[in-house]
Amino acid sequence: PFNDSISSNTHTHTHTGACPWRPKPNQDRMAAFVCLRTSSLVVAVMDGHGPVGHEASDFLMRHLENVLTSDLDWNLSPPEKAVERSALKLDSLLTGRSGIDCSLSGSTFVIAVIRHGQVTIGNVGDSTLSSITLRDDRSCVKQLSEDHKPESPEETMRITKAGGLVFAVDPDGRGPQGPVRVWR
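Residues numbered from 1 in each chain as written. Predicted model: local features only at pLDDT ≥ 70, side-chain atom pairs only at ≥ 80, totals over all residues. Heavy atoms only, no water.

Caption draft 1: Region of interest: helix H2 (residues 80-97). Its 18 residues place the ends of H2 25 Å apart at the C-alpha level, agreeing with the 26 Å of an ideal helix rising 1.5 Å per residue. Considered for burial, the residues of H2 that qualify are Ala-82, Val-83, Ser-86, Ala-87, Leu-90, Leu-93 and Leu-94. One side of H2 carries all its buried residues, which in axial view fall inside an arc of 135 degrees. Away from the buried face of H2 by more than 90 degrees, exposed residues Glu-80, Lys-81, Glu-84, Leu-88 and Gly-96 are located. The inward-facing, buried residues of H2 contact helix H1 (53-69), strand S3 (106-115) and strand S4 (118-124). Gly-99, located one to two residues past H2, shows a positive phi value of around 80 degrees. (Helix = DSSP H or I, 4+ residues; strand = E, 2+ residues; numbered from the N terminus. Expected span 1.5 Å × (residues − 1). Buried < 20%, exposed > 50% of the residue type's maximum accessible area, 1.4 Å probe, protein only. Arc of directions from axis to C-beta. Contact = heavy atoms within 4.5 Å.)

Caption draft 2: Expanded view of the side chain of Arg-115. Mapped onto the elements of the fold, Arg-115 is located in strand S3. Asp-71 provides the closest opposite charge to the buried, unpaired Arg-115, separated from it by 9.2 Å. When neighbours within four sequence positions are excluded, Arg-115 is seen to be in contact with Thr-38, Ser-39, Ser-40, Trp-74, Asn-75, Leu-76, Ser-77 and Pro-79. (Lys, Arg positive; Asp, Glu negative; His and termini not counted. Salt bridge = Lys/Arg side-chain N within 4 Å of Asp/Glu carboxyl O.)

Caption draft 3: Representation of the sheet that holds S3 in the model. Here we have 4 strands laid out as an open sheet, ordered S1-S2-S3-S4, and antiparallel in their pairing. Of all the strands in the sheet, just strand S1 (28-35) and S4 have a single pairing partner and so form its edges. Strand-to-strand twist across the sheet, computed as the mean angle between neighbouring axes with direction ignored, equals 10 degrees. Sheet topology places S1 next to strand S2 (residues 40-49); 8 bridges connect them, and they run antiparallel. Each bridged residue has a counterpart across the sheet, and for Ala-32 the counterpart in S2 is Val-43. (Pairing = 2+ DSSP bridges. Axes fitted to C-alpha atoms, helices over the stretch in contact; angles between N-to-C directions.)

See the structure below:
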């Protein structure tokens with residue numbers, strides 16, 4: 001069980017992304033929960049992209065706990081296989097059974113599972129997971145995940161080898177606008 005003398009807080013701060021050709025809702029979502037059965041703290045951030053990216057990130061947020069904690073390897077430490085399989089299952093559910101049009105939309109996904117003093121990280125996309133610790137009235141920020149930036153040559157090659165496409169959208173024929181994205 002969790003030690004009552006340890007204080008742990010989760011916080012998020014988000015900004016609505018800019019879209020030059022239409023108003024855009026905030027597409028960021030965050031999930032955090034404690035699994036008492038495994039003494040685990042789970043924190044995840046989803047950043048939706050595209051016209052209905054907010055629906056995609058919201059779907060991931062709402063289904064994460066059930067998908068992760070029902071994985072066959074969730075009880076094992078560290079839970080790396082459960083995290084990996086859960087990300088794949090959430091993607092399959094989102095694109096196959098959610099009713100959300102993912103042809104031009106999707107979401108990044110970054111997760112940390114803290115269990116028995118170990119942190120297991122999973123990351124799909126360019127969201128960053130950091131920890132902030134306070135010691136002697138000083139804060140220390142540590143980046144825990146590595147962003148997957150599609151415009152980097154290594155990431156572009158990995159994506160295209162897997163059958164994906166990498167490009168920025170050209171909504172009005174005047175050239176690409178906005179960031180480079182990954183497409184299936």
